Amino acid sequence: NAGVTQTPKFQVLKTGQSMTLQCAQDMNHNSMYWYRQDPGMGLRLIYYSASEGTTDKGEVPNGYNVSRLNKREFSLRLESAAPSQTSVYFCASRGYSPLHFGNGTRLTVT
Amino acid sequence: AQRVTQPEKLLSVFKGAPVELKCNYSYSGSPELFWYVQYSRQRLQLLLRHISRESIKGFTADLNKGETSFHLKKPFAQEEDSAMYYCALLNTNAGKSTFGDGTTLTVKP
């Protein structure tokens, strides 16, 4: 039982490049989330998916897109990366109450 | 709108001293509150939630609806408690969690 798995763990992009962060959970949770973690700013919600087939914007959705591929997988796409998107990205899932987090992806945009 | 405030970004105590990490919230409904902990370079993990009313690793937190607070307390801090602590509020209707900015706790020997 791996929980929430994120790939890649690290990524360096140049401004304007695109990439997709992958997330999968094996706990049969309905809800999945993408957060970014920045120093002094805590965790901010980018997008979430309350159930398979639905996605909604969080606090900071600009510059991102998401896909809830199936119940297990929820991907985050940066179409044209910007230095302001340098951050640590966490995927999380939720069944009934608490969130279960992945290990994070450390993204640097130069 | 829901909001979580952790007024202290940094907190430093000596081993064996009591520690209290403050959390205040604003929410129009009935809140469900959590404390998450992130040890160095690890994933965030649930520490405790108010509905459980349990003690984890010696930490407790009591929901005070009158003061809209959910402070985290431990009577005798240990060096292994050094970590980042996040207070979070779950909006059960929308299924969204809002986090505070986090408090970095350092326990000195």
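Residues numbered from 1 in each chain as written. Chains lettered and ligands numbered in written order. Predicted model: local features only at pLDDT ≥ 70, side-chain atom pairs only at ≥ 80, totals over all residues. Heavy atoms only, no water.

### So, the interface of chain B and chain A
Listed by partner, the interface residues are 19 residues for chain B and 19 residues for chain A. Around 1800 Å² of area is buried between chain B and chain A when both sides are counted, 49% of it from carbon and sulfur atoms. When residues of chain B are sorted by the area they lose upon contact with chain A, Arg43, Leu44 and Phe99 of chain B head the list and together hold 31% of the total. Inspection of the region where chain B meets chain A yields 0 salt bridges. (Contact = heavy atoms within 4.5 Å. Buried area = accessible area lost by both parts, 1.4 Å probe. Salt bridge = Lys/Arg side-chain N within 4 Å of Asp/Glu carboxyl O.)

### A look at the layout of surface pockets
Approximately 620 Å³ is the volume attributed to the largest pocket. The wall of the largest pocket is formed by 28 residues, among which Gln37, Val88, Phe90 and Arg106 of chain A together with Gln38 of chain B lie closest to the centre. Those elements giving two or more residues to the lining of the largest pocket turn out to be β4 (31-38), β9 (87-94) and β11 (105-109) of chain A together with β9 (83-91) of chain B. In terms of residue count, the dominant contributor to the lining of the largest pocket is β9 of chain A (3 residues). Looking at the lining of the largest pocket residue by residue, the class counts come to 9 nonpolar, 13 polar and 6 charged. By volume, the second largest pocket amounts to about 280 Å³. For the second largest pocket, the lining is made up of 13 residues, of which Glu59 of chain A together with Arg3, Val4, Phe99 and Asp101 of chain B are closest to its centre. Counting residues per element, the ones that place at least two in the lining of the second largest pocket are β5 (42-49) of chain A together with β1 (3-5) and β10 (96-99) of chain B. For the lining of the second largest pocket, the element with the most residues is β1 of chain B, which contributes 3 residues. Tallied by class, the residues present in the lining of the second largest pocket amount to 4 nonpolar, 5 polar and 4 charged. (1 Å grid on protein atoms, 1.4 Å probe; cavity = no way out; pocket = protein on both sides within 12 Å on 5 of 7 lines; lining within 4 Å. Points joined across faces, edges and corners; volume = space filled by probe spheres on them. Helix = DSSP H or I, 4+ residues; strand = E, 2+ residues; numbered from the N terminus. Nonpolar A, V, L, I, M, F, W, Y, C, P; charged D, E, K, R; others polar.)

### Side note on the sheet that holds strand β3 (residues 19-21) of chain B
Sheets are built from strands that pair by backbone hydrogen bonding, the pairs being arranged parallel or antiparallel. Residues and elements named next belong to chain B. Spatial ordering of the open sheet is given by β3-β8-β7, a layout of 3 strands whose pairing is antiparallel. Where the open sheet ends on each side, the last strands, each with one partner, are β3 and β7 (60-61). Where β3 meets strand β8 (residues 72-74), 3 bridges bridge the pair, whose relative direction is antiparallel. The partner of Glu20 across the bridge, within β8, is Lys73. (Pairing = 2+ DSSP bridges.)

### Section: the pattern of salt bridges
Residue and element names in this part refer to chain A. One pass over the full model with this rule turns up 7 salt bridges over all chains. Taking the shortest distance from any N to any O, the salt bridge between Arg36 and Asp38 comes out at 2.8 Å. Summarising the burial analysis for this pair, Arg36 and Asp38 share the class buried. In this structure, Arg77 and Glu79 form a salt bridge, with 3.1 Å as the shortest nitrogen-oxygen distance. Among the residues examined, Arg77 registers a relative accessible area of 29% and is labelled partly exposed. Ionic contacts of the salt-bridge type, sharing partners, join the residues Arg36, Asp38 and Arg44 into one network. (Buried < 20%, exposed > 50% of the residue type's maximum accessible area, 1.4 Å probe, protein only.)

### Focus: the sheet that holds strand β8 (residues 74-78) of chain A
Residue and element names in this part refer to chain A. What the 4 strands build is an open sheet, ordered β1-β3-β8-β7; its pairing is antiparallel. The outermost strands of the open sheet, each flanked by one partner alone, are β1 (4-7) and β7 (64-68). The mean angle between the axes of side-by-side strands here comes to 15 degrees, regardless of whether they run parallel or antiparallel. Here strand β3 (residues 19-25) pairs with β8 via 3 bridges, running antiparallel. (Axes fitted to C-alpha atoms, helices over the stretch in contact; angles between N-to-C directions.)

### Some points on the packing of aromatic side chains
One pass over the structure, following the stated rule, counts 12 aromatic pairs over all chains. Between Tyr33 of chain A and Tyr48 of chain A the ring centres are 6.0 Å apart and the planes differ by 10 degrees, which places this aromatic pair in the stacked class. Of this pair, Tyr33 of chain A sits in strand β4 while Tyr48 of chain A sits in strand β5, and the two are 15 residues apart along the sequence. You can call Tyr33 of chain A buried: its relative accessible area is 0%. Relative to Phe99 of chain B, the ring of Tyr86 of chain B has its centre 6.2 Å away and its plane inclined at 85 degrees; by these criteria the two rings are edge-to-face. In this pair, Tyr86 of chain B sits in strand β9 while Phe99 of chain B sits in strand β10, placing the two residues 13 residues apart along the sequence. Per residue, the accessibility class of Tyr86 of chain B equals that of Phe99 of chain B, and both read buried. A connected cluster of aromatic rings, assembled from ring pairs, spans Tyr33, Tyr35, Tyr48, Phe90 and Phe101 of chain A together with Phe34, Tyr36, Tyr86 and Phe99 of chain B. When the ring centre of Phe14 of chain B is taken as origin, the NZ or CZ atom of Lys108 of chain B, which lies over that ring, is 4.4 Å away. (Phe/Tyr/Trp six-rings, centres within 6.5 Å; stacked < 30°, edge-to-face > 60°. Lys NZ or Arg CZ within 6 Å of the ring centre and 35° of its normal.)

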